[in-house]
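Descriptive structure summary
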Amino acid sequence: MARFNNDQVSGAVWIAVGIAIALGSLRYGLGPLESPGTGFLPFWAGGIIAFLALIGVIQSSLSRRRGTGWRPILRGVLWHKPLIVVAALFAYALLMKPLGFVLCTVLFIGFLLRAVEPQPWSVVIVGAIGTALGAFALFNLWLKAQLPLGPWGF
Amino acid sequence: MDYVQSILLGFQVALQWNNLLFCFIGVVIGTLVGVLPGLGPVAAISLLLPTTFHVTPVSAIIMLAGIYYGAMYGGSTTSILVNIPGEAASVVTCLDGYQMARRGRAGPALGISAFASFIAGTIGVVGLMLIAPPLAEMALKFGPPEYFSLMIMGLTILTFLASGPMWKALLMAAFGLFLGSIGLDSMTASARFTMDIVELSDGIGMVPAVMGLFGISEVLLNVEHSIRRSVFETKIRHLLPTFQDWKDSIGAIFRGTFIGFFLGVLPGGGAVISSFVSYAVEKKVSKTPERFGTGLIQGVAGPEAANNAATGGAFIPLLTLGIPANAVMAILLGSMMIHGMQPGPMLVQEQPGLFWGAVTSMYIGNAMLLILNLPLIGLWVRILKVPYPILFPLILLFCLIGAYSLNNSVIEVLIMVGFGLLGYLFKKFDYEAAPLILALVLGPMLEAALRRSLLLSAGSPLIFFTRPISGVLMLISLILLAYPLVPWLRRKRAILPQVSDEE
C-alpha cells in the first residue's frame, strides 16, 4: 500500500465506480440528444466521475514523485471504537422490529455506554432505561411516530 | 400586496400561539445544537424533520428555520468558552473569542457575539424581505435552460469554494447527481438502479443520506479519540459590552452583516465562508492586524454578524427560485416538498401567509435568541459539561429514530448507516460531503430541466448559451471551472480558508 498515496488509491476506486455507473446506465438506454433516455444522466455522471478521478490519479502520481506518500488513516486512533459503534448500529437496525423499540434501545444505549468508554453500571442502567422510556414517550406517544412494538407490546 | 400589508400578514401568522411555540422550540434546539460540538444544524434539522410531519407546513418551516439561525447563535458560546467550534461557522470565533475568555473577558465576548448576531440576523431578514419578492417576479421569466444553468452555477460555486483539490469536490457533485438519479425516472417512470428494493423507487432519501454523512460519520470520527473537553473555568461577568467595546465592534458588525448577507445569497456560499471572509476583511481594515488572535473584540463581532446575516441571505434563492444555497437549505427544500409545497417564484404569490409568516418569525426568533443567549448562558455552559461518551449514544439514537420514522422502514436506517460509513471514509480521504448533498437534492430537478431544455432545442446544447440569462450563468460556471488555467484566480482560491464541510 505504501507504494501509493491516499489520493492515488481513492482515485483508482473512483475510476472503477465511475466506469461501473456508466456501464450500468447503458442498459436503461441513453436515447437521442433531442429526447434523452433514462440512462442519460447517470451515464454522464459516471463518465465524469471516472474522468475526474483519472485527473486526480495523474495529479497525485505527480505529487507522489515529489514525495507525498501514504498517510495512514488509522494510526494513532482508537479504530476499534468506530467499529463497535457501526456494529451496534447494524444490530439495532436488524433487531428493532423483532425486539421492539424499547428493549432494543435499552440494549443499544447500555451497550454503547459500557463498551465505547466504560461508564459506571449505575449510569449505564439508569441511562439506558431512562433514554429508552423517554424517547418512547416523546416520539411514540407525543409525536405519534409509530416506532416498532415488540411481541410484548412496547 | 404592498410590503406593509405583507408584513402585517406575516406577523399575524407568526404570532399565532402554535407558531410562536414552534419558533421557540426551533431556536432552543438550534442553540443547543450550536452549543454542542459534533452536532451541526444539518444533522439537527434532518433529525427533527420527521417530527414536523404532524404539524402545519408553516409551523414546520418556522421551527426548522429557527434551528438554523439558532445554531449560529449557539455555536459562538462553545468557541469562546471551550475553544472548540460548536458548529462550522463558528471556527473563526475561537481565534479571538477564546483569547478574550482567557483574559477574563468571556462576558463581553459572549455579549457582543449575541448582539452582533441579533443585529445581523435582523438586517438579514430585512434584506430577505426586500429582495425576495422582486427576485421571485424576475424568476417567473426563467425557463428550463435558465434553471439548469443556475443549478450548474450553484454546484460549480460550491465546488470552487470547497477546501482541497477541485477535482474531488466536482467528483462528489457528480456522485451526488448519480445518487439523485436512483429511483423512478420522473419522465418515463422506469426504475433505475433500484436493485428491486421497493424503498429505493422514490430515490435515496435526503434525510438518511444527510444524517449518515454528517451525523453518524461525525460520531465515528469523535469516538476514535478519547475526548476530554475542558470548559474555561471563569466567572462570566459583564455580558453587556462597554461603550468602548461597541465603538470597536460596530463597524465590524455592519461589514460582517453586508458580507454575510451577500455571500449567503450566493448558491454555494453560506455561513462558514462568510465568517472567514469577514475575519479576513477585519484584519485588512484594522490598523493593528498583528493583534488579531490575541483577543480583539472585532474578531468576534465581525464573523458572528456574518454567519447570522448569511442565514437570512441563504433563504433568498430557496424561497424565490427553489434552489438551495447550501446543505441546510437543501434539507429545508426537501422538507417543504414533503409538506406539499414547491418553493420557487410562485410561492410568494400562492402562499403569502407561509412566506411572510416564515420571514417575520425570524424577527421574533432573533429576539427570542437574544433573551436565550444572554441570561441563560449559565445553562448552556452546564450543558457543555455533559461528557461526550454519554452524549454520543443519544445523538445516534436520534439519527436512528429520524431515519426509521420517515417511512417506518428498516431499509432507510440501513441506508443511513451505509452513508455514515461512507462519510467516515470521505473524511479520512479528504472528500467533502457538501457538494454531494447539494447535487443529490438538485439532481432530479437538474435532470428534468436538462431533458426539457434539450427537448425544446431539438437536441442542441447551445440553448444554454444562446439565451441571455442562461448564457451569463453558464459563463460564470465555465470561468470557475477553468480556474486552473487562470493564475490569479487560482491564487485567490488557494487563500480561501479550509472550511469544514458542514454548512
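Residues numbered from 1 in each chain as written. Chains lettered and ligands numbered in written order. Predicted model: local features only at pLDDT ≥ 70, side-chain atom pairs only at ≥ 80, totals over all residues.

Within chain A one finds 5 helices and 0 strands. When the helices and strands of chain A are read in sequence order from the N terminus, they spell out α-α-α-α-α. With the C-alpha coordinates aligned to their principal axes, the bounding extent of chain A is approximately 55 × 50 × 20 Å. When the 154 residues of chain A are sorted by exposure, 34% land in the buried category. Considering only contacts within chain A whose residues lie at least 6 apart along the sequence, 61% involve residues at least 24 apart. (Helix = DSSP H or I, 4+ residues; strand = E, 2+ residues; numbered from the N terminus. Buried ≥ 20, exposed ≤ 12 C-beta atoms within 10 Å, placed from the backbone. Contact = placed C-beta atoms within 7 Å.)

Here we come to the overall build of chain B. Counting its secondary structure elements, chain B contains 22 helices and 2 strands. Here the C-alpha coordinates of chain B stretch approximately 70 × 50 × 45 Å along the principal axes. Burial analysis of chain B (503 residues in total) assigns 62% to the buried set. Residue pairs in contact within chain B that sit at least 24 positions apart in sequence constitute 80% of those at least 6 positions apart.

Generally speaking, a soluble globular protein has its nonpolar side chains buried in company with each other. Membership of the largest hydrophobic core comes to 217 residues, with the highest contact counts inside it found for A:Ile49, B:Ala174 and B:Ile437. Element by element, the count of residues in this core is highest for helix α6 (residues 106–139) of chain B, at 17 residues. Leaving out residues up to four positions away in the same chain, A:Ile49 has contacts with A:Trp14, A:Val17, A:Gly18, A:Ile21, B:Leu171, B:Ala174 and B:Phe175. (Core = buried A, V, L, I, M, F, W, Y, C linked by C-beta atoms within 7 Å.)

Before going further, it helps to spend a moment on the confidence of the model for chain B. Residues and elements named next belong to chain B. When pLDDT is averaged across chain B, the result is 83; 91% of the residues are at 70 or more. Within chain B, the element-level pLDDT minimum falls on helix α22 (residues 487–494), averaging 56, and the maximum on helix α20 (residues 463–466), averaging 93. This stretch, residues 495–503, has a pLDDT under 50; its non-local contacts, to residues over four places away or in other chains, come to 27 contacts. Across the interface, the model reports ipTM at 0.93; the global pTM reads 0.79. (pLDDT = per-residue confidence, 0-100.)

Checked against the element boundaries, B:Ser190 lands in the loop between β1 (183–184) and β2 (191–192). With 11 residues separating them in the primary sequence, B:Ser190 and B:Ser201 have C-alpha atoms 9.3 Å apart. Every residue in contact with B:Ser190, bar those within four places of it in the chain, is listed here: A:Tyr28, A:Thr38 and B:Asp185.

So, on to the interface of chain A and chain B. At the interface, 53 residues of chain A touch 47 residues of chain B. Among the residues making up the side of chain A that touches chain B, the classes are represented as 35 nonpolar, 13 polar and 5 charged. (Nonpolar A, V, L, I, M, F, W, Y, C, P; charged D, E, K, R; others polar.)

To continue, consider the packing of helix α2 (residues 17–35) of chain B against helix α16 (residues 377–384) of chain B. Residue and element names in this part refer to chain B. At their nearest, the axes of α2 and α16 sit 10 Å apart, and the two run at 50° to each other. Between α2 and α16, the angle is such that the two are oblique. In terms of crossing hand, the pair formed by α2 and α16 is right-handed. Of the residues in α16, those in contact with Thr-31, Leu-32 and Val-35 of α2 are Trp-380, Ile-383 and Leu-384. For the contact of α2 with α16, a count of residues per class yields 5 nonpolar, 1 polar and no charged. (Axes fitted to C-alpha atoms, helices over the stretch in contact; angles between N-to-C directions. Parallel < 35°, antiparallel > 145°, perpendicular 65-115°, else oblique. Left-handed = near helix turned anticlockwise from the far one by under 90°.)

On to unusual backbone geometry, then. Residues and elements named next belong to chain B. You will see that Ala-189, though not glycine, has its phi angle at about 60°, which is positive. On the neighbour-count criterion, Ala-189 (9 C-beta atoms within 10 Å) is exposed. Phi is positive for Phe-193, which is not a glycine, with a value near 50°. In this fold, Phe-193 is placed in the loop between β2 and α9 (206–223).

Residues and elements named next belong to chain B. The end-to-end C-alpha distance of helix α19 (residues 434–456), which contains 23 residues, comes to 32 Å, matching closely the 33 Å that a straight helix rising 1.5 Å per residue would cover. Of all the bends in α19, the greatest, near 50°, is centred on Leu-442, and the proline Pro-444 appears no more than four residues after it. A large share of α19 lies buried, amounting to 17 of its 23 residues. Phi turns positive, to about 55°, at Ala-458, one or two residues after α19. (Expected span 1.5 Å × (residues − 1). Bend = angle between axes of the 7 residues up to and from the residue.)

Residue and element names in this part refer to chain B. At a minimum axis distance of 6 Å, the contact between helix α4 (residues 57–82) and helix α5 (residues 91–102) shows a crossing angle of 55°. For the element pair α4 / α5, the angle class is oblique. Between α4 and α5 lies a crossing of right-handed hand. On the side of α4, the interface is formed by Ser-76, Ser-79, Ile-80 and Leu-81, while α5 contributes Thr-93, Cys-94, Gly-97, Tyr-98, Met-100 and Ala-101.

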